[in-house]
There are 2 protein chains.
Amino acid sequence: MDLQLSVDRASPVPLYFQLSQQLESAIERGKLAPGSLLGNEIELAGRLGLSRPTVRQAIQSLVDKGLLVRRRGIGTQVVHSQVKRPMELSSLYDDLEAAGQRPATQVLRHTVQEATAQVAAALAVPEGTEVRLVERLRLAHGEPMAHMRNHLPVDLLAPGEAELETTGLYRLMRGAGVTLHSARQTVGARVADAAEARLLGEDEGAPLLTMQRTTYDDTGRAVEYGSHLYRASRYSFDFQLLVRP
Amino acid sequence: MDLQLSVDRASPVPLYFQLSQQLESAIERGKLAPGSLLGNEIELAGRLGLSRPTVRQAIQSLVDKGLLVRRRGIGTQVVHSQVKRPMELSSLYDDLEAAGQRPATQVLRHTVQEATAQVAAALAVPEGTEVRLVERLRLAHGEPMAHMRNHLPVDLLAPGEAELETTGLYRLMRGAGVTLHSARQTVGARVADAAEARLLGEDEGAPLLTMQRTTYDDTGRAVEYGSHLYRASRYSFDFQLLVRP
DNA sequence: TAGTGGTCTAGACCACGCG
DNA sequence: GCGTGGTCTAGACCACTAA
């Protein structure tokens, strides 16, 4: 286990973070084989000139990510299974882009209107409050993938159509200084009616995945309510879960 | 903020855990209002006779759960939005039971057979290896909810039919000393064929939610591959996400 | 018994947000 | 400037596991 670990005390990057990044990259590159022991914390601390709590903090962050497992009396091991990524709060646009699908977006509607009861409840605003409505069609390789209807508070964001066609909604929010914190989602299924089928290029009766999602910022304010339809023939939700210890 | 916090040093429960539990229950009961500040860590430590790192550990665990937010220069606040629970690796049986649905299970098949290519790949065993197959129908209020097909290594578990009808698979695994660690899931949708419709009490062409899941223990071994069908008219996946900071 | 991680202490200095 | 959380140290004792 001759890993070349080192920390730079002149760097503004926290020491524990430098160490966890080096360990993570070593695991990803296979320098640290699955199942291999990491060596005990005290020795590691001494070798790097760090205190044990700092080393523990680095290791703990990787345990939280699911890359390492600690066992009392045994040691710290690299997990065997390939942990990919937990389900992220990413936009479909970013997902598709990351998958090299060259996404495109058509803005079908972009208006301000009064919140219906359902939308008002989801955003926790009074019924009738003005909310922004963005309705988009997401395409990949020129084929429709999803129909997305998003409601958001009017004062949060005022995106131009051009931005909406080239950037995911979450990225726009982050750019506007919104710190996303959590989201509540419901995933279900139903069959397409005639209008939905026409819009998505499916036949009537084709299976669709439905998702409703309310997203909150770190103050607990609801910043977005989305109600989306995905073509089940073209899309599925794929994600990793970590068991809470 | 006159919270009655106290720790018992004679208890075997770790001090940070005692504190985090008390804070969590105070938040749940509304004793700590959303948005309220928690008071600074040093003062809190002094009041409880704990060191600051111990108090930080307690607070950090609640930040990780999404119940608190820390801001430098501001303080630690209770999050406004109601964080329920992140998606857990729970069995449908436990989910239904928790929801007071009085679930029941019919074991349709319980055999050992040679792994097909798909199952072998999911469990990371050679094709043709013997694996246990459990096929069950899950009911709630006497109505079919889901059809579940699970494959697991033969040496992992040898459940009796009675156990399978009264206990979720994950609970059986935990009882057998298996430490679940992570799972990889795919959720999609399709329409029911004639046989599926008959089994689930739906019409042909009814929408179904599909889920494939591979579960790993903490050594990285695949301990279960499941391929499940849910009636979309009766079931949807409902869960909470936390944004990774 | 020896070695590991789990917990805990009593300090220290720094970076950031606000008035 | 002041108070907050963010990071870090150099120890200590305990609980669990394996040989």
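Quick caveat: nothing in here was measured; it's all calculated off a predicted structure. (Residues numbered from 1 in each chain as written. Chains lettered and ligands numbered in written order. Predicted model: local features only at pLDDT ≥ 70, side-chain atom pairs only at ≥ 80, totals over all residues. Heavy atoms only, no water.)

Chemist: Before we go on, may I ask you to explain the overall build of chain A in this structure?
Modeler: Of regular secondary structure, chain A possesses eight helices and nine strands. Since a compact globule built from 245 residues should have a radius of gyration of about 18 Å, the 23 Å found for chain A marks it as more spread out than a globular shape. The principal-axis extents of the C-alpha atoms in chain A amount to approximately 65 × 40 × 30 Å. Put simply, of all contacts in chain A between residues at least 6 apart along the chain, 57% involve residues at least 24 apart. (Helix = DSSP H or I, 4+ residues; strand = E, 2+ residues; numbered from the N terminus. Rg over C-alpha atoms; globule rule 2.2 N^0.38 Å. Contact = heavy atoms within 4.5 Å.)

Chemist: Looking at this structure, how should I read the packing of helix 1 (residues 15-28) of chain B against helix 3 (residues 52-65) of chain B?
Modeler: Describing two packed helices takes the angle between their axes plus the distance from one axis to the other. Residue and element names in this part refer to chain B. As a packed pair, helix 1 and helix 3 sit with axes 8 Å apart at the nearest point and diverge in direction by 50°. It follows from the interaxial angle that helix 1 and helix 3 lie oblique. Crossing of helix 1 against helix 3: the hand is right-handed. On helix 3, the residues that touch Leu-15, Tyr-16, Leu-19, Ser-20, Leu-23 and Glu-24 of helix 1 are Thr-54, Val-55, Gln-57, Ala-58, Ser-61, Leu-62 and Lys-65. Residue composition of the contact of helix 1 with helix 3, grouped by class: seven nonpolar, four polar and two charged. (Axes fitted to C-alpha atoms, helices over the stretch in contact; angles between N-to-C directions. Parallel < 35°, antiparallel > 145°, perpendicular 65-115°, else oblique. Left-handed = near helix turned anticlockwise from the far one by under 90°. Nonpolar A, V, L, I, M, F, W, Y, C, P; charged D, E, K, R; others polar.)

Chemist: What exactly am I supposed to notice about empty space enclosed by the protein here?
Modeler: Empty pockets left among the atoms are what a rolling probe the size of a water molecule brings to light. Applying the stated criterion to the full structure yields one cavity of 30 Å³ or more. Roughly 40 Å³ of volume is contained in the largest cavity. Forming the walls of the largest cavity are Gly-35, Val-69, Arg-71, Gln-77, Val-78, Val-79 and His-80 of chain A together with Asp-218 and Thr-219 of chain B. Across the lining of the largest cavity, the residue classes tally to three nonpolar, four polar and two charged. (1 Å grid on protein atoms, 1.4 Å probe; cavity = no way out; pocket = protein on both sides within 12 Å on 5 of 7 lines; lining within 4 Å. Points joined across faces, edges and corners; volume = space filled by probe spheres on them.)

Chemist: Quick question: what am I supposed to make of the protein's contact with DNA strand D here?
Modeler: Near DNA strand D there are 25 residues, and of these Arg-9, Leu-15, Ser-51 and Thr-54 of chain A together with Arg-52 of chain B occur at the shortest range. Counted by atom, the contact set of DNA strand D within 4 Å of the protein is 71% sugar and phosphate. Contacts to DNA strand D include Asn-40 of chain B, whose side-chain N or O atom sits 3.0 Å from a phosphate oxygen. The backbone of Gly-73 of chain B places a nitrogen or oxygen atom 3.2 Å from a base oxygen of DNA strand D. Looking at the surface near DNA strand D, the elements that each hand over two or more residues are helix 1 (15-28) and helix 3 (52-65) of chain A together with helix 3, strand 1 (68-71) and strand 2 (75-78) of chain B. Ranked by residues supplied to the surface near DNA strand D, first place goes to helix 3 of chain A with three residues. (Near = heavy atom within 4 Å. Polar contact = N/O pair within 3.5 Å; in protein donor to acceptor, adjacent residues only side chain to side chain.)

Chemist: Please clarify how the relation of the copies chain A and chain B should be interpreted in this entry.
Modeler: Superposition of the two copies of the chain requires a rotation about an axis and a shift along the axis. With an RMSD of 0.2 Å, the operation that places chain A on chain B is a rotation of 180° combined with a shift of 0.0 Å along the axis. Both chain copies can therefore be described as sitting about a two-fold axis. Most of the interface of chain A is mirrored in chain B: 100% of its interface residues are interface residues there too. (Least-squares fit on C-alpha atoms with pLDDT ≥ 70 in both.)

Chemist: What is the right way to look at the interface of chain A and chain B in this model?
Modeler: Taken residue by residue, the interface counts 42 residues in chain A and 42 residues in chain B. Summing the contributions of chain A and of chain B, the shared interface buries around 4,100 Å²; its carbon and sulfur component is 54%. On the chain A side of the contact with chain B, His-181, Arg-184 and Leu-241 of chain A bury the most area, a combined 17% of that side's loss. Run the count over chain A and chain B and you get four salt bridges. Between Arg-71 of chain B and Asp-218 of chain A there is a salt bridge, with its nearest N and O atoms 3.5 Å apart. (Buried area = accessible area lost by both parts, 1.4 Å probe. Salt bridge = Lys/Arg side-chain N within 4 Å of Asp/Glu carboxyl O.)

Chemist: Explanation requested: the protein's contact with DNA strand C in the structure shown.
Modeler: As a structural note, the neighbourhood of DNA strand C is formed by 25 residues, with Arg-52 of chain A together with Arg-9, Leu-15, Ser-51 and Thr-54 of chain B the closest of them. When atoms of DNA strand C within 4 Å of the protein are sorted by moiety, sugar and phosphate together comprise 71%. Contacts to DNA strand C include Leu-15 of chain B, whose backbone N or O atom sits 2.3 Å from a phosphate oxygen. At a separation of 3.2 Å, a base nitrogen of DNA strand C approaches a polar side-chain atom of Arg-52 of chain B. Contributing elements (two or more residues each) for the surface near DNA strand C: helix 3, strand 1 (68-71) and strand 2 (75-78) of chain A together with helix 1 and helix 3 of chain B. Looking at the surface near DNA strand C, the element that brings in the most residues is helix 3 of chain B, giving three residues.

Chemist: Where do I start with the confidence of the model for chain A in this structure?
Modeler: Atom-level detail of predicted coordinates should not be read off regions where pLDDT is low. Considering every residue of chain A, the mean pLDDT works out to 88; 94% of them sit at 70 or more. Within chain A, no element has a lower average pLDDT than helix 4 (residues 92-98) of chain A, which sits at 71, and none a higher one than helix 8 (residues 194-200) of chain A, at 97. (pLDDT = per-residue confidence, 0-100.)

Chemist: Honestly, the UniProt feature "domain: HTH gntR-type" (unreviewed entry) in chain A in this entry has me stumped. Any pointers?
Modeler: Per the UniProt record, the feature "domain: HTH gntR-type" (unreviewed entry) sits at residues 13-81 of chain A. Overall, residues 13-81 of chain A shows 52% helix and 12% strand. The separation of its end C-alpha atoms is 29 Å. (UniProt positions renumbered as here; feature names shortened; annotations may be inferred.)

Chemist: Could you clarify how one ought to interpret the side chain of His-228 of chain B in this entry?
Modeler: Summarising the element assignment, His-228 of chain B is placed in strand 8 (residues 222-231). Not counting residues within four places of it along the chain, the set of residues in contact with His-228 of chain B comprises His-147, Met-148, Arg-149, Asn-150, Leu-209, Thr-210 and Met-211 of chain B.

Chemist: What am I meant to see in the sheet that holds strand 7 (residues 207-217) of chain A here?
Modeler: In space, the seven strands of this open sheet follow the order 3(A)-4(A)-5(A)-8(A)-7(A)-6(A)-9(B), with antiparallel pairing throughout. In this open sheet, the two edge strands, each paired with only one partner strand, are strand 3 (103-114) of chain A together with strand 9 (237-242) of chain B. Going across the sheet, the axis of each strand differs from the next one's by a mean of 15°, ignoring polarity. Inspection of the sheet shows strand 5 (residues 143-153) of chain A paired to strand 8 (residues 222-231) of chain A by six bridges, in the antiparallel sense. Residue pairing in the sheet places Asn-150 of chain A in a bridge with Gly-226 of chain A of strand 8 of chain A. (Pairing = 2+ DSSP bridges.)

Chemist: Explanation requested: unusual backbone geometry in the structure shown.
Modeler: When glycine is set aside, most residues are seen to have a negative phi, and most peptide bonds are trans. Residues and elements named next belong to chain A. You will see that Ala-124, though not glycine, has its phi angle at about 55°, which is positive. With respect to the secondary-structure elements, Ala-124 resides in the loop between helix 5 (117-123) and strand 4 (130-140). The exposure class of Ala-124 is exposed, given its relative accessible area of 68%. A positive phi angle, near 55°, is found at His-141, a position not held by glycine. Within the fold, His-141 resides in the loop between strand 4 and strand 5. (Buried < 20%, exposed > 50% of the residue type's maximum accessible area, 1.4 Å probe, protein only.)

Chemist: Please clarify how the sheet that holds strand 9 (residues 237-242) of chain A should be interpreted in this entry.
Modeler: In any sheet, the strands associate via hydrogen bonds between backbone groups, in a parallel or an antiparallel arrangement. Judged by pairing direction, the sheet is antiparallel, and its seven strands sit side by side in the order 9(A)-6(B)-7(B)-8(B)-5(B)-4(B)-3(B) without closing on themselves. Looking at the sheet topology across the chains shown, the edges are occupied by strand 9 of chain A together with strand 3 (103-114) of chain B. Taken pair by pair, the neighbouring strands of this sheet meet at an average axis angle of 15°, ignoring direction. Of the strand pairs in this sheet, strand 4 (residues 130-140) of chain B and strand 5 (residues 143-153) of chain B are connected by ten bridges, and their pairing is antiparallel. Each bridged residue has a counterpart across the sheet, and for Leu-139 of chain B the counterpart in strand 5 of chain B is Pro-144 of chain B.

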